[in-house]
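Here's the letter readout for the chains.
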Protein chains: 2
Amino acid sequence: MNILIIFFFIIIYDKIIDKRLGEMIMVNKKMYELGAQKSKIRELFEYGEKLKQQIGSENVFDFSIGNPSVPCPNVVSEALINIVSNTNPTLLHGYTIASGLVFVRKQIADYLNKTYDLNESYEYIYLTAGAAAALTISLNAILCEDDEVIVFAPFFPEYKVFVEKAQGKLVICPTKKDTFLPDINMLDKMVNEKTKVVIINSPNNPTGVVYHQETIINIANLLKEKEKKYQHPIFLLSDEPYRELIYSNTSYPFITKYYDNAIVNYSFSKSLSLPGERIGYILIGANCKEKDIIFKAVNGAGRALGFVCESSMFQYLIPYCLGHTSNINIYKENRDILYNALKDIGYQLIYPEGAFYLFMKALEDDDEHFSNVAKKYGLLIVPSTSFGMKGYVRISYCVSKDTIINSLKSFKKLYEHYKVGD
Amino acid sequence: MNILIIFFFIIIYDKIIDKRLGEMIMVNKKMYELGAQKSKIRELFEYGEKLKQQIGSENVFDFSIGNPSVPCPNVVSEALINIVSNTNPTLLHGYTIASGLVFVRKQIADYLNKTYDLNESYEYIYLTAGAAAALTISLNAILCEDDEVIVFAPFFPEYKVFVEKAQGKLVICPTKKDTFLPDINMLDKMVNEKTKVVIINSPNNPTGVVYHQETIINIANLLKEKEKKYQHPIFLLSDEPYRELIYSNTSYPFITKYYDNAIVNYSFSKSLSLPGERIGYILIGANCKEKDIIFKAVNGAGRALGFVCESSMFQYLIPYCLGHTSNINIYKENRDILYNALKDIGYQLIYPEGAFYLFMKALEDDDEHFSNVAKKYGLLIVPSTSFGMKGYVRISYCVSKDTIINSLKSFKKLYEHYKVGD
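None of the values given here were measured: they were computed from a predicted structure.

Definitions and cut-offs
- Residues numbered from 1 in each chain as written.
- Chains lettered and ligands numbered in written order.
- Predicted model: local features only at pLDDT ≥ 70, side-chain atom pairs only at ≥ 80, totals over all residues.
- Heavy atoms only, no water.
- Helix = DSSP H or I, 4+ residues; strand = E, 2+ residues; numbered from the N terminus.
- Rg over C-alpha atoms; globule rule 2.2 N^0.38 Å.
- Buried < 20%, exposed > 50% of the residue type's maximum accessible area, 1.4 Å probe, protein only.
- Contact = heavy atoms within 4.5 Å.
- Areas by Shrake-Rupley, 256 points an atom, 1.4 Å probe, with all protein chains shown as cover.
- Lys, Arg positive; Asp, Glu negative; His and termini not counted.
- Charge placed at Lys NZ, Arg CZ, Asp CG, Glu CD.
- Phe/Tyr/Trp six-rings, centres within 6.5 Å; stacked < 30°, edge-to-face > 60°.
- Least-squares fit on C-alpha atoms with pLDDT ≥ 70 in both.
- Buried area = accessible area lost by both parts, 1.4 Å probe.
- Salt bridge = Lys/Arg side-chain N within 4 Å of Asp/Glu carboxyl O.
- Polar contact = N/O pair within 3.5 Å; in protein donor to acceptor, adjacent residues only side chain to side chain.
- Nonpolar A, V, L, I, M, F, W, Y, C, P; charged D, E, K, R; others polar.
- Pairing = 2+ DSSP bridges.
- Axes fitted to C-alpha atoms, helices over the stretch in contact; angles between N-to-C directions.
- Expected span 1.5 Å × (residues − 1).
- Patch = residues over 30% accessible without salt bridge, like charges linked within 9 Å, V, L, I, M, F, W, Y side chains within 5 Å.
- Disulfide = S-S within 2.5 Å.
- Left-handed = near helix turned anticlockwise from the far one by under 90°.

Draft legend 1. A look at the overall build of chain A. From N to C terminus, chain A includes 15 helices and twelve strands. Compactness check: chain A gives a C-alpha radius of gyration of 23 Å against a globular reference of 22 Å for 422 residues, within 12% of the reference. Oriented by its inertia axes, the alpha-carbon framework of chain A measures out at about 65 × 65 × 45 Å. In chain A, which comprises 422 residues, the proportion classed as buried is 59%. Restricting the contact set of chain A to residue pairs at least 6 apart, pairs at least 24 apart contribute 73%. Accessible surface, chain A as shown: approximately 17,600 Å² in total, 52% of it carbon and sulfur. The averaged location of the 47 negative side-chain charges in chain A is 2 Å from the averaged location of its 46 positive side-chain charges.

Shown next, in the form of structure tokens:
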């Protein structure tokens, strides 16, 4: 009886709180929560800025943010000045059609076809304000209410935000413990008739792992089977802002070669070190059965979300930059120094072939606590719980070489903090 | 009985069609429809491009699109070259915080405060990729399911798309027949407990009308009453990409002075002739009761829709451009020539004080048919049904002076087409 009364009061109390929140907020509660809760990454970054003032910036090693540290190649600045100086401003800064300037999309298609031996058409390329916009537009174009989207943990945390805003449901599939590659058996179990999209991200944020041909073939074969079984398309969406950032003698296969219902979300942010400029595209694979319908839905979603067109001046910039990258050897050197040093100290890590992240096993189960302990040594590293997986930290090595070299003493102290007395 | 059977079959048939569409499309149907259906404006524009090939561009008078015809002021190109030449590229092209660079927002606030005698703070300015993004972010931040948004007909057609994508319901309030200003008595009837937002747009697209102080005071007073009555905020959202494009000796009042729960959506597209670059902002008025909560919701909505930050390079451009405009005297001259000539021919029009649109009474009730008849004379003018109002056409006079002068013969013929034999 008493329990019932307590239960009753809990319900009443909840209703009162909800009502007050409703009255107080008078905005969309979900959007408020998304804006109010800072991401772990940003929180760490801001903590770091304060810490630098307290103990000196030479004692703070900020590995929190994936902001490219290598400047854009000269071709970018030169092309921008050239474009501004020599293009009729009414054309240069005018509205373009929503999908982007045809001559720019043609050059992208040509570049892709030549580089990856493809047969893609500019007609199914839609220029976007970066990879985030490519993702939200793609997802809003495809998803209907309660459609499921599978991602592989660990994963870029905004996937959840984007999928849910597009009325979808995020389903998290584990990766293999030793390689962080998708576990095909688990994927097999997780695909069901509600599955509409599977997102892959290679080179991967946060693990740095690159998916090789075998992985893509395995995923493609499984999804083909499932498409037959459920009699509807399951889209394989490749989020690939790090495509060019690979440091081993390998490459990330182009998924449209292996799977028909393939959609590529690309960004120039990382390869050209232009993350603030928001330049990217959606490509709907040439073998996609309903590519005209999908392209129209992409146009519709771009329109409804408020993306009128990608910045016209940056559209003009793209042809100058195809095939160029920042000096990525700097990231390779950073990776080699940091990976080898941490390995020598005794840390467990996966060898990252690409992106600019190292994924390291925390020295205790609680990765958030581990990240807090690391702060004491001036090390800002992101707990893996943010990426949907426990027990690891992400280390962004897009920092100066000096930061890496000077941080090694701290990484050693952190290791000793845990291992002394073991 | 027979009627029942027919009714029954209609229902069955609808279900079959829906299912086939569902199977065929496998994308979000609403987004597909938005992408598949071209806007009337774009349709006319594309028709015009074909017509020019057939009958020569000197015989086609395209008044369809609101693409600024006057180039951006020199300060834009000079500043862009200066910024690219003299800013550290890692900073210039790097991520900024989602709401935009603080020094830029401070300069916007200072400019507004000085120019309009306000007391606004940069802390409630959020930079956006143009006015469309400002609108979608504001609406997604504020609206909960089925909240009502009132607009005044005729209105910019994307309002409906943006409101519905944000789960709101668009409610259309008529304007006064003689002035196209909001009809306060009608507004009084339409505001109810579900009303969350009232959108005003001045200088107005498509009428060119400017809302003067009296109109703003009347709307503000009514909404204050309604807020008291329904015990929740009703946001007055001013969409003002044409703020500086006023040709009479008047100005558009700054709404935060007259109403507490005020939100301004601004764009640099029209005043600086940079529509393709997507530069604008959301300002939450200093007297807005829950401005911190709203600002967080704005941040959340921007994040969920995929707007990471406004292009960083264009953020750097803003301080150079505050207070500058393209040479708007050209639009003024266009307006004067066209307005006077059409009036002389015998057309009925409202005198437009701003923007670059003339709203003209069609010479028959069916504005779409009237627009089609006008095509025969090489005149491309947009039927007002697109703007939620029957019986008018919109004439965009952001074209060359020659186009206007050469078109007058056609406007005369069109008039005679209808009036001969009257």
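Draft legend 2. View of the packing of aromatic side chains. Under the counting rule described, the total for this entry stands at 44 aromatic pairs over all chains. Between Phe-356 of chain A and Tyr-357 of chain A, the aromatic rings sit 5.2 Å apart at their centres with planes inclined by 75°, giving edge-to-face as the arrangement. A single burial state applies to Phe-356 of chain A and to Tyr-357 of chain A, both of which are buried. Consider the rings of Tyr-266 of chain B and Phe-268 of chain B, whose centres lie 5.0 Å apart with planes at 85°: the pair is edge-to-face. The buried category is assigned to Tyr-266 of chain B, whose relative accessible area is 4%.

Draft legend 3. Representation of the relation of the copies chain B and chain A. When chain B is fitted onto chain A, the two copies agree to an RMSD of 0.1 Å after a turn of 180° and an axial shift of 0.0 Å. Viewed as a symmetry operation, the transformation between the two copies matches a two-fold axis. Relative to the rotation axis, the C-alpha of Ile-81 of chain B is the closest in chain B, positioned 2.8 Å from it. Most of the interface of chain B is mirrored in chain A, where 99% of its interface residues again form contacts.

Draft legend 4. Representation of the interface of chain B and chain A within the structure. Listed by partner, the interface residues are 75 residues for chain B and 74 residues for chain A. Both faces combined, the contact of chain B with chain A buries some 6,100 Å², and carbon together with sulfur accounts for 63% of it. Ranking the residues of chain B by area buried against chain A places Met-26, Tyr-95 and Arg-303 of chain B at the top, with a combined share of 13%. The tally of links between chain B and chain A comes to two salt bridges. Taking the shortest distance from any N to any O, the salt bridge between Glu-158 of chain B and Arg-303 of chain A comes out at 2.8 Å. Our enumeration of links across chain B and chain A arrives at 28 residue pairs in polar contact (both at pLDDT 80 or more). Of all elements in the fold, only α1 (2–25), α2 (29–36), α4 (74–86), α5 (89–92), α7 (130–142), α8 (158–165), α11 (291–305) and α12 (312–321) of chain B reach the threshold of two or more residues within the side of chain B that touches chain A. By residue number, the principal contributor to the side of chain B that touches chain A is α11 of chain B, which donates ten residues. Of the residues assigned to the side of chain B that touches chain A, the class counts are 43 nonpolar, 21 polar and eleven charged.

Draft legend 5. Quick look at the sheet that holds strand β5 (residues 195–201) of chain B. All names here are of chain B. One open sheet holds the seven strands; their spatial order is β2-β8-β7-β6-β5-β3-β4, and the pairing between them is mixed. The open sheet has two free edges, formed respectively by β2 (125–128) and β4 (169–173), since each of these has just one partner strand. If you compare each strand with its neighbour and ignore which way they point, the axes differ by 20° on average. Where strand β6 (residues 235–239) meets strand β7 (residues 262–267), four bridges bridge the pair, whose relative direction is parallel. Opposite Asp-239, over in β7, you have Asn-265 as the bridge partner.

Draft legend 6. Representation of the sheet that holds strand β12 (residues 392–396) of chain B in the model. All names here are of chain B. Taking strand neighbours across the sheet as the criterion, the three strands line up as β9-β12-β11 in an open arrangement whose pairing is antiparallel. Each edge of the sheet is formed by a strand with only one pairing partner; in this case those strands are β9 (357–361) and β11 (382–383). Bridge count between β11 and β12: two bridges; the pairing is antiparallel. Looking at the pairing, Pro-383 lines up with Val-393 of β12. Lying over the sheet, helix α13 (residues 329–345) contacts β9 and β12, oriented at roughly 10° with respect to β9.

Draft legend 7. Up close: helix α13 (residues 329–345) of chain A. All names here are of chain A. The end-to-end C-alpha separation of α13 is 24 Å, in line with the 24 Å expected for 17 residues at 1.5 Å each. Within α13, burial applies to Tyr-331, Asn-334, Arg-335, Leu-338, Tyr-339, Ala-341, Leu-342 and Ile-345. Structurally, α13 contributes buried residues whose contacts are with β9 (357–361), β12 (392–396) and α15 (401–419). Gly-346, located one to two residues past α13, shows a positive phi value of around 130°.

Draft legend 8. Structural detail: a negative patch on the surface. Residues Glu-145 and Asp-146 of chain A together with Glu-145 and Asp-146 of chain B make up a contiguous surface patch of negative charge. Following the sequence through the fold, Asp-146 of chain A ends up in the loop between α7 (130–142) and β3 (148–152).

Draft legend 9. The arrangement of the pairing of β9 of chain B in detail. All names here are of chain B. Burial runs high along β9: four of the five residues are buried. With five bridges joining them, β9 and β12 adopt antiparallel strand pairing. Bridged to Phe-359 within β12 is Arg-394.

Draft legend 10. Quick peek at the state of the cysteines. Residues and elements named next belong to chain A. For the structure shown, the criterion picks out zero disulfides over all chains. The thiol of Cys-288 is unpaired, and the distance to the nearest cysteine sulfur, on Cys-144, comes to 15 Å. For Cys-288, a relative accessible area of 2% puts it in the buried group.

Draft legend 11. Representation of the packing of α7 of chain B against α8 of chain B in the model. All names here are of chain B. At a minimum axis separation of 9 Å, α7 and α8 run at an interaxial angle of 35°. Our pair here, α7 against α8, has a crossing hand that is right-handed. In this structure, α7 uses Ala-132, Leu-135, Thr-136, Leu-139 and Asn-140 to contact α8, whose residues at the interface are Tyr-159, Phe-162, Val-163 and Lys-165. In terms of residue class, the contact of α7 with α8 is built from six nonpolar, two polar and one charged.

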